[in-house]
Amino acid sequence: MLTNKDYRTTTTTTRPRPQMFAEAAAAAMSTGASLPGSSSSSSSSSSHARYFMGFDLGTSGARISVIEKKKHVDPMKPKLLYKELHSDSVPYCGSYDDPTCWVTAVDSLLQRTPMDLKAGTHSICISGTSASCLLVDAQTGKPTRGTRAKMYDYDVVMNNMLHSPPPSSASVGATVTDAAGAAAAVLQVRQWMEDHVPVNHVARSNTSALAKLLHYHACQSISCGSSGSGSSGEKEVLAHQSEYVATTLFLSQTYKCGAGPHVNKRQYVSDWHNALKLGYDVKRLEYPTWLLQLLEHVGIPFCDDVLPRVVEPGEPIGTISKEAREKYGFSNDTMIVGGTTDSNASFLAAASSSSSSSSSSLFDPYGIAVTSLGSTLAIKMLSRTFVEDCSRGVYSHRFPSSLMSGLFGERQQQQQQQRDDESQLWLVGGASNVGCAVLRQENFSNEELMELSNDMDVTTIDSDYSYYPLTKKGERFPIADGTKEPILEPKPKSRQEYLKAILQGISKVERMGYDTLGILGASPPFPKVIMTTGGGSQNEKWLQMRQGLFQQNIPPTPVEESGLVKVLKAENTEASFGAAILAASQAVLSR
């Protein structure tokens, strides 16, 4: 009920395909003949390409969603524009940081997807966990630094630093083989970042993709090919989780791009969302000068090749490879598009139901927010302004304007195109360490949670207990304090009262989070509607409690802002659904 998303094997399929085509597909499968538009068909498949496929690479497994655009939709009235035809999920075959397991999971999902849906797929998008990355050989695509990636929760300091200072003789850049070298590498990374990364920039975090790239280099110099220090002569490039899987499975053919080590280099293409924590400038849409100077200073060669090319999420990056067409039955012109992060994909899924909750034909997307009540708490809100403060764990993702029509109707798309660059949409937010994990820590079972919540009095918001329900020391947002201690005392005798106090504690951190966005300049300064995802969204009494809290006039939010907010349960919550919406975004605009 209040746990992280579960990727145990589940499958749901709805196929509204015309009977004639369904029978043809079945006949083709039984006889070994080609499906209309498949890779072995000589005819174009564009007339059948009306489905959009999204994958989410979660922390425990992968999920697929196949959607189509709903017919007979009034573009002037915001409604749910997409219908999910197929969904499926599988757990990873091994560790969540093993790239082989990511590829195997997506391959398994594709093998189980109905053939007619694959043959009719227009485009594919993949979401992955934020800042999860690895170094790969540009020609073979194989990981070059062992069999594990540095994942979203990999902290280059906490995962490597010793309590004792390292010897001064430790050599940075040489292959690290001992604890002293590991500690020296960490100190060097921190020094590089202190000297070059702007204050409060999201890439300054110890868990950022930039920190991981620098840590790779500090432990062993990144190889630039035959002239580099790599023993096998490989040329190393950085790939985030989503683009690694996209290239490995769907864009696996190499391409010519010069001479020497540049011949037959695989193309890894990132996106605005994944590249943010690598240091990519999402305002100017380029790698900033400070980043290029940093890489030159530390001696990372051919930095324009080590860093991936960056495109808008949902932007086509290539046609599916011949190998993938033949193996899975996709059409000749199925497109692979720029990906996103799992949290942003979840926002898209939830936000698609926010439009259906409004009766206004002039629904304004600014102020739409999504709160995830999973093991940890995360919030995001659409803002007119860019907000960033690493010291408070706040950052902004650039929101693709191509999504306006798909989420909020064509009128909003037209209005957005008429606005100047200053009215670019930004997805602002942060993630706290408080969340539903504390309920498991305090031994609340699903059955007890349901029983205690059913008759809980939520008419009174303020509890006698002021909890800050962390599971361990350290907080990221809305206050960045590595020494912040959990506050779960004193404990009442009643388990119901204890549960209520914990839920109120989490809710107040959520409220503090949205208030912080307003203080830092988000516009509007407070959300108008909050769609709720995660296990906590299933608790109706908790929704009512949060609704009451957000109605309160708590400074700095004025009553005219707090009094309007609605707290609702999202109809769509899966990140794979959001990735599928992203796959459809630019295809919808071109029709």
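Our next topic: the pattern of salt bridges. Inspection of every chain in the model, using the stated rule, returns 15 salt bridges. The partner of Arg63 in a salt bridge is Glu574, and the shortest N-O contact between them spans 3.2 Å. Note that Arg63 is positioned in strand β3 (residues 61-69) and Glu574 in the loop between β18 (566-569) and α19 (575-589), a separation of 511 residues in sequence. Residues Arg511 and Asp515 are paired through a salt bridge, measuring 3.2 Å at the closest nitrogen-oxygen approach. Of this pair, Arg511 and Asp515 both sit in helix α16 (residues 495-519), four residues apart, which is roughly one turn of that helix. Residue class for Arg511 comes out buried when judged on its relative accessible area of 3%. Through salt bridges with shared partners, a single ionic network connects Asp97, Asp98 and Arg148.

Owing to its 3.6 residues per turn, the α-helix aligns residues three or four sequence positions apart on the same side. Taken across its ten residues, helix α6 (residues 241-250) has nine buried, putting it largely inside the fold. Within the span of α6, buried status applies to Gln241, Ser242, Glu243, Tyr244, Val245, Ala246, Thr247, Leu249 and Phe250.

A few words on the sheet that holds strand β16 (residues 426-431). Pairing between sheet strands relies on hydrogen bonds along the backbone, with the strands arranged either parallel or antiparallel. Reading across from one edge, β15-β16-β14-β13-β17-β18 is the order of the six strands in this open sheet, with mixed pairing throughout. Either end of the sheet is taken by a strand with one partner, and the two such strands are β15 (395-398) and β18. The sheet shows a mean angle of 25° between the axes of neighbouring strands, taken without regard to direction. Across the sheet, α16 touches β13 (368-373), β14 (377-383), β16 and β17 (529-533), and the angle it forms with β14 is around 30°.

How each quantity is defined
- Residues numbered from 1 in each chain as written.
- Predicted model: local features only at pLDDT ≥ 70, side-chain atom pairs only at ≥ 80, totals over all residues.
- Heavy atoms only, no water.
- Salt bridge = Lys/Arg side-chain N within 4 Å of Asp/Glu carboxyl O.
- Helix = DSSP H or I, 4+ residues; strand = E, 2+ residues; numbered from the N terminus.
- Buried < 20%, exposed > 50% of the residue type's maximum accessible area, 1.4 Å probe, protein only.
- Pairing = 2+ DSSP bridges.
- Axes fitted to C-alpha atoms, helices over the stretch in contact; angles between N-to-C directions.
- Contact = heavy atoms within 4.5 Å.

Don't take any of this as a statement about function, it's just geometry.
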